[in-house]
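# Inside the fold
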Amino acid sequence: MHGRLKVKSTAEQLEAKKKEREKKLQLYNGAITKIFEKKKNKELDEELLLLTGEVLVVNPDFYTLWNYRKETFLEFQKTKSNEELQKIFSSELQFLETCLKINPKSYGSWHQRCFVMDNMPDPDWNRELELCNQFLQYDERNFHCWDYRRFVVKRSNVSPEAEFEFSMSKISNNFSNYSSWHYRSKLLPILFPDPSQPMGVSEEALLKEYELVQNGFFTDPDDQSNWFYHRWLMGRGEQKQAVNYFMMSRSEKRVLVSFVKHVQVGKKEHILLECNESNLENLSWHNQEGNNMFSTMWISFHYHIAENVTLPEKTDCCIKLTLFDCDSAVCSSSLQLKQNDCTNQILSLNSSETSRFSQELSAVKAETLQQELESVRQLMELETDNKWALLTSVLLMKSLDPVKYNDEIMNQTDRLQTLDPKRMNYYKDLRSKFAVERCIDSLAPDSSATIILNNQKLTKFYHTELLPFVSTLDLSNNSLRDLKNFSFLQGLTCLDLSSNCIDSCVGLQSLSKLEKLILRNNCILFNKCFLFVFDTHPPPLPMVRVLNQLSDISTAESLQQLKTCLGLTFLDLSGNPVCDSDLSIEGIREMLPSVVITFKEIP
């Protein structure tokens with residue numbers, strides 16, 4: 001037995017580790033306490049640097065201590081020579097390298113390094129560039145290091161050309177280096193500027209980038225970095241602010257306007273309304289939700305030309321609406337009210353020859369888009385099940401001509417759901433968006449204000465902000481889950497939502513004109529969170545009172561929004577779980593006493 005090494009039991013090892021941790025924690029807390037005491041006493045000296053260094057080398061994300069070190073260095077600048085400061089800051093850089101080896105993505109460490117280099121008497125920027133190279137070899141997607149590299153490049157006046165070559169070298173080593181692609185996208189507008197192009201980059205430079213990224217996704221079709229950069233190269237079209245819809249009603253004393261972009265009326269922006277070149281006064285604007293937050297739709301009631309004078313009756317009126325940003329006119333629209341007109345409206349839906357939505361996906365010329373589509377299709381012949389190629393081809397066809405490629409777009413979107421089931425809901429929503437856009441593009445300017453989109457596999461109803469004029473909407477037999485953004489449908493009188501997946505009426509509360517609502521065969525629940533089993537029937541009286549209270553809560557969750565739909569006269573709730581309880585039926589009748597409600601489906 002002599003001479004053999006005694007092996008500690010597991011219990012002994014755990015106890016030893018526990019004591020070691022307790023000792024370290026005691027030292028750590030002691031150092032923290034002493035640091036705060038010194039800071040409170042304004043003792044910004046070498047000892048404070050030593051104490052904070054002991055803590056930060058263990059926990060480099062303690063941002064408060066980095067601030068204490070900054071304050072100490074600023075204090076040193078008042079008393080020490082440049083030679084002493086150079087030595088202190090050089091020591092800090094070495095200390096920071098130690099911290100970054102512990103956590104290469106420490107915000108505090110990288111920010112501290114920026115502070116040191118900005119305050120160091122004689123900074124060595126070349127060494128910092130080399131440090132960036134070393135860290136990017138270790139982790140080429142360390143965005144902290146990329147940010148620091150941009151800082152170093154800016155301070156040391158490294159040429160954009162040199163950095164462009166650096167990004168190329170990183171991409172050549174690894175096409176999957178998304179950070180390099182991103183860095184490249186920031187350099188292109190600097191090196192090859194062209195303000196006439198939507199992306200601000202010359203067409204020749206963009207074509208070279210297309211060729212480069214095509215090499216990337218032909219080399220590794222499954223790598224998403226190349227596809228994301230390709231999407232960036234296509235860009236997004238920038239729509240100009242304009243009036244989508246403008247409605248004026250004499251009888252309602254109501255004005256409604258819908259813009260292309262969001263505005264916040266009452267802040268920087270304001271709306272001027274004129275009748276026969278006289279200003280309409282006392283206008284109070286609110287959005288479709290009844291508040292003053294950013295929106296594309298704005299509504300006003302009770303306008304006046306002068307005191308106690310409303311819009312002239314039995315008189316031709318030329319109404320002009322102008323949106324101002326501060327004192328600059330942004331856009332305007334005009335409509336005519338004949339002497340016998342109670343209401344008139346002007347609608348602008350179609351903004352291009354193919355689709356008003358094409359520009360949203362790409363700002364690139366049609367010739368370039370067509371070339372890219374042909375390249376992606378060549379790849380699809382080799383990689384028949386590549387989801388990135390399939391999705392990119394869908395977006396390219398949508399940008400080129402959604403009418404021409406409509407069937408192919410829908411078929412490929414359906415196929416994407418099979419190829420990439422983890423993102424199935426995204427593809428379903430995308431398909432829904434395309435279906436709604438196709439419908440809106442087909443509407444004539446003098447539309448009958450009726451939209452039928454039943455049996456379209458819709459999971460969301462998009463672009464409601466463009467449809468305030470719609471009076472009848474059929475969305476039956478789809479897969480809609482909610483009614484968000486339906487508040488834009490201010491002209492809606494009849495809404496058919498039968499056979500969807502809706503469990504709440506949130507979104508309908510602002511539709512004052514809604515008269516007929518069909519919610520047959522949905523998921524409107526009652527007491528949906530509670531299940532009680534009783535030995536006696538009926539339940540005890542106290543429990544009946546509890547159930548009635550829960551019924552009120554549940555009804556409020558799913559149907560209370562309909563109380564503000566003052567024009568509602570008919571509601572069909574048949575086929576919903578809410579209709580299975582006599583208590584719920586009675587509660588709904590009490591809540592909506594003036595509405596004819598159908599609870600049971602008529603055979």
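About the thresholds
Residues numbered from 1 in each chain as written. Predicted model: local features only at pLDDT ≥ 70, side-chain atom pairs only at ≥ 80, totals over all residues. Heavy atoms only, no water. Helix = DSSP H or I, 4+ residues; strand = E, 2+ residues; numbered from the N terminus. Expected span 1.5 Å × (residues − 1). Contact = heavy atoms within 4.5 Å. Core = buried A, V, L, I, M, F, W, Y, C linked by side-chain atoms within 4.5 Å. Buried < 20%, exposed > 50% of the residue type's maximum accessible area, 1.4 Å probe, protein only. pLDDT = per-residue confidence, 0-100. Lys, Arg positive; Asp, Glu negative; His and termini not counted. Salt bridge = Lys/Arg side-chain N within 4 Å of Asp/Glu carboxyl O. Phe/Tyr/Trp six-rings, centres within 6.5 Å; stacked < 30°, edge-to-face > 60°. Lys NZ or Arg CZ within 6 Å of the ring centre and 35° of its normal. Patch = residues over 30% accessible without salt bridge, like charges linked within 9 Å, V, L, I, M, F, W, Y side chains within 5 Å. Areas by Shrake-Rupley, 256 points an atom, 1.4 Å probe, with all protein chains shown as cover. Pairing = 2+ DSSP bridges. Axes fitted to C-alpha atoms, helices over the stretch in contact; angles between N-to-C directions.

## Thoughts on helix α10 (residues 203–219)
With 17 residues, α10 should cover 24 Å at 1.5 Å per step; its first-to-last C-alpha distance of 24 Å lies within 8% of that length. Among the structural elements, α8 (160–173), α9 (178–191), α11 (224–234) and α13 (366–382) are those in contact with the buried residues of α10.

## Re the nonpolar core
Nonpolar side chains in soluble globular proteins tend to end up buried together. If you look at the biggest cluster of nonpolar residues, it comprises 136 residues, and the most contacted ones within it are F461, L473, F486, L497, L517 and L562. Counting residues per element, this core draws most heavily on helix α14 (residues 387–400), which supplies nine residues. Counting residues in hydrophobic clusters, the runner-up holds 21 residues, among them F246, V255, L273 and W298.

## With respect to the confidence of the model for the chain
This prediction gives the chain a mean pLDDT of 85; 88% of its residues lie at or above 70. Across the chain, strand β12 (residues 494–496) holds the top mean pLDDT of 97, while helix α17 (residues 541–558) sits lowest at 47. Residue range residues 527–556 is modelled with pLDDT below 50. Its contacts to residues more than four positions away, or to other chains, number 24 contacts.

## So, the side chain of E372
Topologically, E372 is positioned in helix α13. One buried charged residue, E372, forms no salt bridge at all, with the nearest opposite charge on R231 at 11 Å. Those residues in contact with E372 that lie beyond four places of it in its chain are Y210, Q214, H230 and L396.

## A few points about the packing of aromatic side chains
Going through the model one piece at a time under the given rule, you end up with 23 aromatic pairs. Relative to F135, the ring of W110 lies with its centre 5.4 Å away and its plane at 70 degrees, an arrangement referred to as edge-to-face. Highlighted residues: W110 in helix α5 (residues 107–119) and F135 in helix α6 (residues 125–138), separated in sequence by 25 residues. Neither W110 nor F135 differs from the other in exposure class; each is buried. Centre to centre, the rings of W125 and F151 are 5.9 Å apart; their planes meet at 65 degrees, and the pair counts as edge-to-face. Taken together, the positions of W125 in helix α6 and F151 in helix α7 (residues 143–156) put the pair 26 residues apart, joining distant regions of the chain. Accessibility expressed as a relative area gives 16% for W125, which makes it buried. Given a relative accessible area of 12%, F151 falls into the buried group. Each member of the aromatic cluster is reached from another via a ring pair, and the members are W110, W125, F135, Y148 and F151. When the ring centre of F76 is taken as reference, the NZ or CZ atom of K80 above it lies at 5.0 Å.

## As for a nonpolar patch on the surface
A surface patch of nonpolar side chains, amounting to about 240 Å² of accessible area, comprises V57, V58 and I102. Mapped onto the elements of the fold, V57 is located in the loop between α2 (46–56) and α3 (63–79).

## Considering the sheet that holds strand β5 (residues 284–286)
Here five strands make up an open sheet; going across it, the order is β5-β6-β2-β1-β9 and the pairing antiparallel. With one partner strand each, in any of the chains shown, β5 and β9 (343–347) form the two edges of the open sheet. Here the strands of the sheet are splayed against their neighbours by 20 degrees on average, with no regard to which way each runs. Sheet topology places β5 next to strand β6 (residues 295–301); three bridges connect them, and they run antiparallel. When the sheet's bridge partners are listed, H286 is paired in β6 with I299.

## Here's the deal with the pairing of strand β2 (residues 254–263)
Of all the ten residues making up β2, seven are buried; the element is thus mostly covered by neighbouring parts of the structure. In this sheet, β2 lies alongside strand β1 (residues 243–249) in antiparallel orientation, the contact comprising six bridges. Counted as the bridge partner of F246 is V257 from β2.

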